[in-house]
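Report on the structure
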Amino acid sequence: MTKRTESKYKINRRLGVNLWGRPKSPINKREYGPGQHGQRRKKPSDFGVQLMAKQKLRGYYGNISEKQFYKYYEEAVRRRGDTSENLIELLERRLDAVVYRMKFAITPFAARQFVSHGHVLVNGRRVNISSYQVRDGDVVEVREKSKQLAMVLDSVQSAERDVPEYIEVDHRAMKGTFARAPKLADVPYPVQMEPNLVVEFYSR
């Protein structure tokens, strides 16, 4: 297991959940945190519960930086409507998240790398910024030269995940459309996400 993979799964063990629902996750064997004190369990405070909710959501999207995550919160507050729903929408509109949802990459980490290496087109133009916000109706596709990459073919054929209803995808053409903004209930998280607690955490 590479250092990068180890650190990725360490997030699972630290949070005590199989964040991406992957069968390889060590949390399936050891349900305690990393380190020599990982087996100690104590009841978290309200702050601890809110912090855990934030770390779960931030970690799920490839452990994006705290600074960037807070910017999403600020934008969610600024928009009309339910702040927690707005936060989920902003995260799901990230290009790397859309690539992951379309099953062009096996994990959010792989999706971010796939985008940053220039393998993805949005409406026919190459976009290599993983945080790029995809709009309703945008067409996202794998570049012609990249369609036969083993990692893409393996991911598309994987039975680990299904494509959610707010995304349309043609795996033969390696092309999909972001049909609409999802609500929290639409997003196929393997674990319970509580964006309302994230909002509470930042608004303390």
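Here goes a summary of the coordinates provided. On a predicted model such as this, the values are computed, not experimentally measured, just so you know. As a convention, each chain's residues are numbered from 1 in the sequence order in which they are written. Per-residue local features are limited, in this predicted model, to residues with pLDDT of at least 70; the limit for side-chain atom pairs, both in listing and counting, is 80 or more; totals at the level of whole chains, interfaces and linings are taken over all residues. Remark: hydrogens and water are excluded; side-chain values derive from all non-hydrogen atoms of the structure.

Between buried and exposed lies partly exposed: a residue is buried under 20% and exposed over 50% of the maximum accessible area for its type, with that area taken using a 1.4 Å probe on protein chains only. A run of DSSP states H or I qualifies as a helix once it reaches four residues; a run of E qualifies as a strand once it reaches two. Both are numbered from the N-terminal end. The buried fraction of helix α8 (residues 195-202) amounts to 6 of the 8 residues, a majority that puts the element mostly inside the structure. Inspection of α8 places Pro 195, Leu 197, Val 198, Val 199, Phe 201 and Tyr 202 among the buried residues, and these make up the whole buried set. For α8, the elements touching its buried residues are α2 (46-60), α3 (66-78) and α4 (83-92). Here a residue-residue contact requires only that any non-hydrogen atoms of the pair lie within 4.5 Å.

Side chains that are nonpolar tend, in soluble globular proteins, to be buried together. With 46 residues, the main nonpolar core has Leu 57, Leu 91, Leu 95, Val 99, Val 140 and Tyr 189 as its most contacted residues. When we break this core down by domain, the ones giving at least three residues each are domain 1 (1-31 + 43-89 + 187-201) and domain 2 (93-183). Not counting the four nearest positions on each side in its chain, Val 140 is found in contact with Leu 95, Val 98, Val 99, Met 102, Phe 104, Val 120, Leu 121, Val 122, Val 134, Met 174, Lys 175 and Gly 176. We define the nonpolar core as a collection of buried residues of types Ala, Val, Leu, Ile, Met, Phe, Trp, Tyr and Cys that are connected through side-chain atoms lying within 4.5 Å of one another. Note that domain bounds follow an automatic or database assignment of domains.

With that settled, the discussion passes to the pairing of strand β5 (residues 175-178). Side chains of β5 alternate between two faces, with Gly 176 and Phe 178 buried and Lys 175 and Thr 177 left unburied. The pairing criterion for strands is at least two bridges between them, as found by DSSP. Summarising the sheet, strand β3 (residues 139-142) and β5 pair through 3 bridges and their orientation is antiparallel. Considered in β5, the bridge of Val 139 is made with Thr 177. Bridge count for strand β4 (residues 167-170) against β5 is 4 bridges, and the pairing is antiparallel. Among the inter-strand pairings, Glu 168 is bridged to a residue of β5, identified as Thr 177. Between β4 and the antiparallel strand that follows it, β5, lie 4 residues; Met 174 among them carries a positive phi value of about 55 degrees.

Angles shown run from 0 to 180 degrees and are taken between the N-to-C directions of axes, each axis being a line fitted to C-alpha atoms and, for helices, limited to the stretch in contact. Running from N to C, α4 and α8 cross one another at 105 degrees; their axes reach a closest spacing of 8 Å. Looking at the two axes, α4 sits roughly perpendicular to α8. In this structure, α4 contributes Thr 83, Ser 84, Leu 87 and Ile 88 to the contact, and α8 contributes Pro 195, Asn 196, Val 198 and Val 199. Just so you know the grouping, Ala, Val, Leu, Ile, Met, Phe, Trp, Tyr, Cys and Pro go in nonpolar, Asp, Glu, Lys and Arg go in charged, and all remaining residues, Gly too, go in polar. A breakdown of the residues in the contact of α4 with α8 according to their chemical character gives 5 nonpolar, 3 polar and no charged. Working definition: roughly parallel below 35 degrees, roughly antiparallel above 145 degrees, roughly perpendicular at 65 to 115 degrees, and oblique for all remaining angles.

The next point concerns α3. Count 3.6 residues to each turn of an α-helix, and residues three or four apart come out pointing the same way. Take the residue count of a helix, subtract one, and multiply by 1.5 Å to get its expected span. Compared with the 18 Å implied by 1.5 Å per residue over 13 residues, the 18 Å span of α3 between its first and last C-alpha is a close match. Elements that come into contact with the buried residues of α3 comprise α2, α4 and α8.

What follows concerns the sheet that holds β5. Ordered by their spatial adjacency, 5 strands build an open sheet running β2-β1-β3-β5-β4, and the pairing between neighbours is antiparallel. Looking at the sheet topology across the chains shown, the edges are occupied by β2 (125-126) and β4.

Here α3 crosses α4 at 130 degrees, and the two axes come no closer than 8 Å. Our classification of the angle between α3 and α4 gives oblique. Here the hand of the crossing between α3 and α4 comes out right-handed. Between α3 and α4, the contacting residues are Phe 69, Tyr 72, Tyr 73, Glu 75, Ala 76 and Val 77 on the first element and Thr 83, Asn 86, Leu 87, Leu 90 and Leu 91 on the second. Across the contact of α3 with α4, the residue classes tally to 8 nonpolar, 2 polar and 1 charged. Each helix crossing is assigned a hand: it is left-handed if the near helix lies turned anticlockwise from the far helix by less than a right angle, otherwise right-handed if that turn is clockwise.

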